[in-house]
Each structure stands twice: as C-alpha cells, then as structure tokens.
Amino acid sequence: MEIEVPRKNKLWALGIVAFFVIISVGTFAAHEYYVYLQAYLWFGFIYGMCLQYGRFCFASAFRDLFAVGVPRMAVGIMIATILFGFTSAFVNATGWSTFHPAPTSIHAAIAGLIFGVGMVFAGGCASGSLYKSGEGNGVAMLVVLSISVTQSSFVDIGGWFNKLVPKSWAASAATKGLPDTINVSDGWVDQYLAGYVWDQPVLRVAELMGMKTDSISGAFLGNLLTGVGLPAMLILLWVYYVWVKRNYKKKVVQEKGVFTFGDHFRGFWSMITASKRTSIAGLFLGVACGLQMFVIEGLRMKFGVKNAGTILERLGYDFGLSAKGTVFDPGYWYVTTQEAQWVGWLMQKLGWNNMDNIFFGWVNGIPNPAFNPADWMSVALIGGAAVMALLHGEFKWKAPTKELAIWALIGGALMGIGSRLALGCNVGGFFVRAANGDPSGWLFGIGMIGGAFIGVKFFNWWTERKMAKEMAAFDL
Amino acid sequence: MKTNLWVIIIIVVIFLGFMMGYAVPPFMEVGFGKGGQASVEEMSDEELKQMYENLYKEESDE
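Just so it is clear, the structure is predicted and the values come from calculations on it, not from any experiment.

## Points about the overall build of chain A
Summing up its helical and strand segments, chain A has 20 helices and 0 strands in all. For 476 residues, the compact-globule formula gives about 23 Å, and the C-alpha radius of gyration of chain A, at 23 Å, lands near that figure. Buried positions account for 57% of the 476 residues belonging to chain A. Restricting to contacts in chain A with at least 6 residues of sequence separation, those with at least 24 account for 78%.

## Remarks on the overall build of chain B
Scanning chain B from N- to C-terminus turns up 2 helices and 0 strands. In chain B, which comprises 62 residues, the share counted as buried stands at 13%.

## Digging into helix α11 (residues 216-256) of chain A
All names here are of chain A. In this model, α11 (41 residues) spans only 46 Å end to end at C-alpha, well below the 60 Å of a helix rising 1.5 Å per residue. In α11, a bend of some 60 degrees at Val 244 exceeds every other bend along the element. At the C-terminal side of α11, Gly 257 shows a positive phi close to 85 degrees.

## Overview of the nonpolar core
For soluble globular proteins, the rule of thumb is that nonpolar side chains tend to be buried together. Residues and elements named next belong to chain A. Judged by nonpolar contacts, the single largest core of 143 residues is most densely connected at Ala 39, Trp 42 and Cys 50. A total of 16 residues in this core trace back to one element, the largest contributor, which is helix α2 (residues 34-54). In this view, Cys 50 contacts Phe 56, Ala 281, Phe 284, Leu 285 and Ala 288; residues no more than four positions away in its chain are not counted. Counting 24 residues, the second-largest nonpolar core is a separate cluster that includes Val 184, Tyr 192, Leu 193 and Met 355.

## Some details on the packing of helix α5 (residues 106-122) of chain A against helix α18 (residues 402-422) of chain A
All names here are of chain A. Contact pair α5 / α18: the axes reach a minimum separation of 7 Å and the direction vectors enclose 160 degrees. If you check the angle between α5 and α18, you find them roughly antiparallel. In this structure, α5 meets α18 at a crossing whose hand is left-handed. Counted together, His 107, Ala 108, Ile 110, Ala 111, Gly 112, Ile 114, Phe 115, Val 117, Gly 118, Met 119, Phe 121 and Ala 122 of α5 and Trp 407, Ala 408, Ile 410, Gly 411, Gly 412, Leu 414, Met 415, Ile 417, Gly 418, Ser 419, Leu 421 and Ala 422 of α18 form the full contact between these two elements. For the contact of α5 with α18, the residue count by class is 17 nonpolar, 7 polar and no charged.

## Regarding the packing of helix α1 (residues 7-30) of chain A against helix α1 (residues 2-30) of chain B
α1 of chain B packs onto α1 of chain A with a crossing angle of 10 degrees between their chain directions and a minimal axis gap of 11 Å. By the angle class used here, α1 of chain A and α1 of chain B are roughly parallel. Of the residues in α1 of chain B, those touching α1 of chain A at Lys 10, Ala 13, Leu 14, Val 17, Val 21 and Ser 24 of chain A are Asn 4, Ile 8, Ile 11 and Phe 15 of chain B. Along the lines of polarity and charge, the residues of the contact of α1 of chain A with α1 of chain B split into 7 nonpolar, 2 polar and 1 charged.

## Digging into the confidence of the model for chain A
In this model, chain A carries an average pLDDT of 94, and 99% of its residues clear a pLDDT of 70 or more. Mean pLDDT across the elements of chain A bottoms out in helix α13 (residues 276-303) of chain A (89) and peaks in helix α7 (residues 138-154) of chain A (98).

## Examining the confidence of the model for chain B
Residue and element names in this part refer to chain B. Here chain B averages 72 in pLDDT, and 47% of its residues register 70 or above. Scored below 50 in pLDDT, residues 35-40 shows 13 contacts in the model against residues more than four places distant or in partner chains. For this predicted complex, the interface score ipTM comes out at 0.87, alongside a pTM of 0.91.

## Description of the environment of Ile 311 of chain A
Residues and elements named next belong to chain A. Inspection of the secondary structure assignment puts Ile 311 in helix α14 (residues 308-314). Residue class for Ile 311 comes out buried when judged on the 24 C-beta atoms lying within 10 Å of it. Placed 69 residues apart in sequence, Ile 311 and Val 242 show a C-alpha to C-alpha distance of 51 Å. Once residues lying within four places of it in the same chain are set aside, the contact partners of Ile 311 are Tyr 33, Tyr 36, Phe 303 and Val 305.

## Looking at helix α3 (residues 58-68) of chain A
All names here are of chain A. Of all the 11 residues making up α3, 8 are buried; the element is thus mostly covered by neighbouring parts of the structure. Every buried residue of α3 is listed here: Phe 58, Ala 59, Ser 60, Ala 61, Phe 62, Arg 63, Leu 65 and Phe 66. Of the residues one or two after α3, Gly 69 is the one with positive phi, at around 70 degrees.

## Notes on unusual backbone geometry
Residues and elements named next belong to chain A. Positioned with a positive phi, Asn 183 is a non-glycine residue whose angle comes to about 50 degrees. In this structure, Asn 183 sits in the loop between α8 (167-174) and α9 (188-195). The class for Asn 183 is partly exposed, based on 15 C-beta atoms found within 10 Å. Positive phi outside glycine occurs at Leu 423, with the angle close to 65 degrees. For Leu 423, the position within the fold is in the loop between α18 and α19 (426-435).

## Observations concerning the environment of Asp 438 of chain A
Residues and elements named next belong to chain A. Relative to the helices and strands, Asp 438 is located in the loop between α19 and α20 (439-475). Here the alpha-carbon distance between Asp 438 and Leu 221, two residues 217 residues apart in the chain, equals 14 Å. Ignoring anything within four residues of it in the chain, the contact list for Asp 438 reads Pro 101, Ala 102, Arg 204 and Arg 433.

The rules behind these values
- Residues numbered from 1 in each chain as written.
- Chains lettered and ligands numbered in written order.
- Predicted model: local features only at pLDDT ≥ 70, side-chain atom pairs only at ≥ 80, totals over all residues.
- Helix = DSSP H or I, 4+ residues; strand = E, 2+ residues; numbered from the N terminus.
- Rg over C-alpha atoms; globule rule 2.2 N^0.38 Å.
- Buried ≥ 20, exposed ≤ 12 C-beta atoms within 10 Å, placed from the backbone.
- Contact = placed C-beta atoms within 7 Å.
- Expected span 1.5 Å × (residues − 1).
- Bend = angle between axes of the 7 residues up to and from the residue.
- Core = buried A, V, L, I, M, F, W, Y, C linked by C-beta atoms within 7 Å.
- Axes fitted to C-alpha atoms, helices over the stretch in contact; angles between N-to-C directions.
- Parallel < 35°, antiparallel > 145°, perpendicular 65-115°, else oblique.
- Left-handed = near helix turned anticlockwise from the far one by under 90°.
- Nonpolar A, V, L, I, M, F, W, Y, C, P; charged D, E, K, R; others polar.
- pLDDT = per-residue confidence, 0-100.

Following this line, the structure appears as structure tokens:
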C-alpha cells in the first residue's frame, strides 16, 4: 500500500537534495579538488538513506536480541557484514583498497565492551544516532553531541590522569620519536596509543594464513571466507541455536509431527530471510562502502595526494592540519573521529590547546568543519536519512524527556570513550574492519555484544527497581 | 513518493557516475592487481615532510 506523504515532506526532501547539489556544483565551479570532498558527501548521503531504510542500528539489534529475543536486526547486520565483505574482497584484490587494519589485542574487546554498554544506555549506536538525528530525534542528537564532546576531551586528558599510565607505556611512548610539539609524556590517551596500541600486531586474516591481501586468494579465501564468512556464520548459528531453534521446532512439530535435520536448514534460512529490509540496506551499504574505497583511491591518484590534508593546503585551508600535514581522511565510512574533530575545532577556537596530543596534533588535525571531508560525509548522512524519513512519513521532531536525555548523555560518553580506545566505533571499529578480515574488528564486535548484554541486564534491573518504587508509592 | 525517490536516486547516480569518471581513468592507466604510479605522481613521505617544513618556514619569514 502506497503511503500518503504530505506535500510539505516531499518539498523538504527535494530541498535537502537541492542543497547538496548546489554545494557540489558550486564548489566544483570554484575548484575541481572539491570533487574529493564531494565523494565523501554523496557516499555519506547514500549511507544515510540505507541506514534509515533498513533501520540499521547495532543498539536496537542486540537490545532486541537480549531483551525480547527478536533476532531480525542482529541477523541483518551479520548478513550486511558478509555482503560488505564481498565488495571489500573485490577492492582488496585490485590492490587499491584504502582500508588500514588496526592493531589487534585485548584492548579492542575492552573498548567494545564499554561501547556496547554505552549504546544500550543511549538507545542508539554511533551510526544509528546519526541517522535517527536525521529523523528529527532529539535524544539521538544529544547522543551525537555527547559522543563528540567526550571524545574531544578524552583524547586530551592529562595532569592527574598521567598517574594512571603504566610505566611500560610511558617508556615505550618516549621511544617513538614524536616531535616535542606533541608532548607525548603528558596525556593518558597519548601514552596509551604510542606506548601500548602501536606496539600491537597489525594483521589481516589473509596475512595470518600466509597469503597476500591484494591477491585473489588472499582477498577471497583468506579475508572473505575465513576472516568474514566463518566468524559471521558462527554468530548466526549461535543466534539460531539460542533464539530461533526452539520456537521454529515447536511450530514444525505442531504442523508435521516430526522435526528432521533438514528442518534446521529451513529454520536457519527462514531466520536469514526474515530480516529482508535490513539485508537489502546492508547490500547497498556494502556496495557503497566498497565503491567509496575505490573512488577515493582513484581520486588520490588523480590528484597526486596521499591525504586530504594536501588538498586542503592546496586550496588554501591549512588551519588545523596535523604536524604531518594530514587530516582525518579514512577513504571509507567512519563516524566518530569526525565528530571529535568538529568539537576539537570549536574548543581550539575557544582557547583550548588540543593540538599537542597524538589524536588531533599528529594524526587527524582539526580542520574547519566546513572543509573537513569526513564531516561532509556525516552531514550528508544525516541529510540522506532525513530525505528517506520525510518520503516515508517517518520524520518527526521529538524532544527528549529529562530521563532519556540523561541516559543519552551517559551512553554517548561511554561510546565516545570506547570509540577512542578502539580507534573506531560500531562502523569504523567493527563493521568496516570485520568486513575486511581484520581480527581487531571481531574482537571489538565480541566486546560490543558483551557490553550490550550487560547494558540490557542493567536496564532490566533499573526498570524493575523503578517500577517497584512507583508501585510502593502507589500503595501508600 | 516513489517518483520523488526515483528523482533523488537518479541525482545520486549522476553524481556517483561523475566521480567514477574522475576515479576510473587513473586505474585504467595503472592497471589492477598490481602496484604502480598514476600519471600524477604521489609525493613521497619525505617530500611531503619537506613541503610542510617549507610551508611553515615561508609563513614565519613573512
């Protein structure tokens, strides 16, 4: 049945698209280098449309699974990860992928755990909160703000927090040859990164198996089949065994009177196909993610650059470049780093010297958000989600209640901390890494699922306690 | 609703096509599945470092 959408919604949706078209055409007229930023913009727009269409949210996925036993979204996310794995394998096999694997160690699982608790508290993951902001959800906007401010502050904390740095980290960080402007001995995150994370192995499954990632066998057999398909299939089997099998078996036994081994396959398949909408969104997300890597690498070759910092410098915007002349330019989908950057830029304008830490000063910079490629992606993602929500009659301004606002701020803060410890969120830390055969992505994912479980259990306890109090007051 | 969505999808595809037009030729020049250099050479890390050192030098000279 066709949904009747108000004319006002259609005009707003077309207005948003027109705004991005004008930005693209106008900036291209100013200089062709802006094509690089436009690539981020239009892929961000596609991500927003896909996320909103598929209601693609990691927090909802695991909350639904653990709280009410509904596996649909969690299954859809795993399917999407496999589909993205396919497109990544193609790009990796060409040898032109922009993907960088992350250091692998237990830190990824711990960070995932903190992130997982946070996303359940907040009611949305990092990407979910962005697309829900595009639907006019005030709670999601608060979550995005909280993630941004927490990250920006967390990466620069020093002083008393330096006392919490293990001596081995401080000693190792001091040997990394960072310039004096970074002041690596002051800052918990700086010493965590340079003294611990950078010392961990950076590998992909293909390389663990003795294959090259940029070969067909390495990309497809190593990374895709073993590094993506196998762990995703194990998670799907776990979901089927724990949440789906029992009800499905009951249904089949009622209908046929017997449950055969083949029924397990049919049950498993029905679980996969039940999450059609999320899987379709996942398919388009996967294709778009792979295509973005391809386009960005092509543009880098075209313009003769390794990082957008060089493009910004050529365009005359050299404020906020890192000490290496770089800015955050992942070449693929990322969410949280650019959120830290815009607050970092604002804080710097207000007088906070935050360019003496590794995160801003050495790696990502704090370019003006108006010229930050990754910020173009996030703004367009919100726009893409808003367009889809408007055209499906799902856009509505929703102000947060006081209680939801508090949870949003706490959850956002935990997600911000988890993101910085893992060097990425549910997208950059899990989805992209896992789909590219990076073991650290799966470690983050395991931690995130564990964190979501703890978050759900805590919420159940909290709600029951609150209800008991209210009932007691009612009795009085 | 469907017409509007299709209009938007077509606009997105046009921009994607435009960007692909920029991105594909360097790949065709270099080839797939092997390393190589595009017609515009990437600067080495050392060259980039030198460039930025000079950039700040020029600024401080002014």
